[in-house]
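# Results of the structural survey
Spelled out, the chains give:
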Amino acid sequence: MGIGELGRAVAAEWTKLWSVRSTWWCLAGTGVLMVLSALTLGGAAVTEMLRDGGAASLPAGEPVVSATIFAQFAPVAAAMLMITSEYSSGGVRTTLQAVPVRGRMLAAKALVAAAVAFTAGVVSGAAAAAVVHVVLSGEPFGGHVTLPPARTALDLLGVGVFFALVSVLTVGAGAAMRSAAGTLTVVFMLLMGLPLLLAATGAPPALEAALRMPLSAGLAFMGSTDNPTGGPIPYPAGEGLAWLLAWTAAAVAAGHAVLRRRDA
């Protein structure tokens, strides 16, 4: 894959992404969901701390990381539309005429989706951390919310990486499914539906599988103590990143296989 050809494909995808209103709406949704979710989760955490005596403090980045459980679907929507909208409009034929090497086209979309999602995660996370600190550090919360620079920077970096990888996963799923409804169903099931169903069985093998799905892996990577499937995540951040990368690679491989074998 030539660097020059890939660069031109990336530039084309970048231009197309910013030429549609849906991108701006998805990015705005990312910010709103991050701020509101982090503020709600942070307020609940501080209230519980005060009920228990109020001795501890809450880093503002902690509820921001937890807020990704809800906010992740905004960058997912943006990544999904990058590819499924072209199939619904027929524009994918023009795209493949301009970039006939299908792996290059998919790589360009994945790189653009990752860059935008990473930036959206860091910026919206920073805004959410600032709001949480300002709102929850005063009365009646008693100054229990802190904003340590190093810890906050790591939290924001983790959020950005998580959003980037989930967006690339979505691009792969979109290439495989080719429709917005199918892609959204598959990605939602991977991120939320299937882990909750597996956890609901209560069977130890199912619980172990649920804890290694993309969302739990991402939360482990970001160092979150929240787990929508219940119970602690029994592995370190590095393993969480490895599982998330594996899911992302599998989705991209599936999308590439479909692109190569089926006509546009």
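A quick note: this is a predicted structure, and the numbers were derived from the prediction, not measured.

Definitions and cut-offs
- Residues numbered from 1 in each chain as written.
- Predicted model: local features only at pLDDT ≥ 70, side-chain atom pairs only at ≥ 80, totals over all residues.
- Heavy atoms only, no water.
- Core = buried A, V, L, I, M, F, W, Y, C linked by side-chain atoms within 4.5 Å.
- Buried < 20%, exposed > 50% of the residue type's maximum accessible area, 1.4 Å probe, protein only.
- Helix = DSSP H or I, 4+ residues; strand = E, 2+ residues; numbered from the N terminus.
- Expected span 1.5 Å × (residues − 1).
- Bend = angle between axes of the 7 residues up to and from the residue.
- Phe/Tyr/Trp six-rings, centres within 6.5 Å; stacked < 30°, edge-to-face > 60°.
- Polar contact = N/O pair within 3.5 Å; in protein donor to acceptor, adjacent residues only side chain to side chain.
- Contact = heavy atoms within 4.5 Å.
- Axes fitted to C-alpha atoms, helices over the stretch in contact; angles between N-to-C directions.
- Parallel < 35°, antiparallel > 145°, perpendicular 65-115°, else oblique.
- Left-handed = near helix turned anticlockwise from the far one by under 90°.
- Nonpolar A, V, L, I, M, F, W, Y, C, P; charged D, E, K, R; others polar.

### Overview of the nonpolar core
If you look at the biggest cluster of nonpolar residues, it comprises 43 residues, and the most contacted ones within it are Met34, Val64, Val145, Val159, Phe162, Phe163 and Met222. By residue number, the principal contributor to this core is helix α7 (residues 149-177), which donates eight residues. The next biggest cluster of nonpolar side chains, apart from the first, holds 19 residues, and it includes Ala79, Met82, Ala108 and Ala175.

### So, helix α4 (residues 73-89)
Residues spaced three or four apart along an α-helix face the same direction, because each turn holds 3.6 residues. Its 17 residues place the ends of α4 23 Å apart at the C-alpha level, agreeing with the 24 Å of an ideal helix rising 1.5 Å per residue. At Leu81, α4 shows its largest kink, close to 40°. Within α4, burial applies to Ala74, Pro75, Val76, Ala78, Ala79, Met80, Met82, Ile83, Thr84, Glu86 and Tyr87. Immediately downstream of α4, the backbone of Gly90 shows phi near 85°, a positive value.

### So, the packing of aromatic side chains
Tallied over the full model, the rule gives four aromatic pairs. Relative to Trp18, the ring of Trp14 lies with its centre 5.6 Å away and its plane at 65°, an arrangement referred to as edge-to-face. With Trp14 and Trp18 both in helix α1 (residues 3-18) and four residues apart, this pair spans about one turn of that helix. Aromatic side chains Trp18 and Trp24 sit 4.9 Å apart centroid to centroid with 55° between the ring planes, which places their arrangement in the tilted category. With relative accessibility at 25%, the residue Trp18 sits in the partly exposed group. Trp24 sits in the exposed class, given a relative accessible area of 53%.

### So, the side chain of Thr170
Locating Thr170 in the fold gives a position in helix α7. Looking at Thr170, its side chain comes within polar contact range of the main-chain oxygen of Val166, at 2.8 Å. Those residues in contact with Thr170 that sit more than four places away from it in its chain are Val76, Ala79, Met80, Thr183 and Val187.

### Examining the packing of α7 against helix α11 (residues 237-261)
It is at 7 Å that the axes of α7 and α11 come closest, and there the two elements cross at 25°. With respect to α11, the axis of α7 lies roughly parallel. Where α7 crosses over α11, the handedness of that crossing is left-handed. Contacts from Val161, Phe162, Leu165, Val168, Leu169, Gly172, Ala173, Ala175 and Ala176 of α7 reach α11 at Leu241, Leu244, Leu245, Trp247, Thr248, Ala251, Val252, Ala254, Gly255, Val258 and Leu259. Tallied by class, the residues present in the contact of α7 with α11 amount to 17 nonpolar, three polar and no charged.

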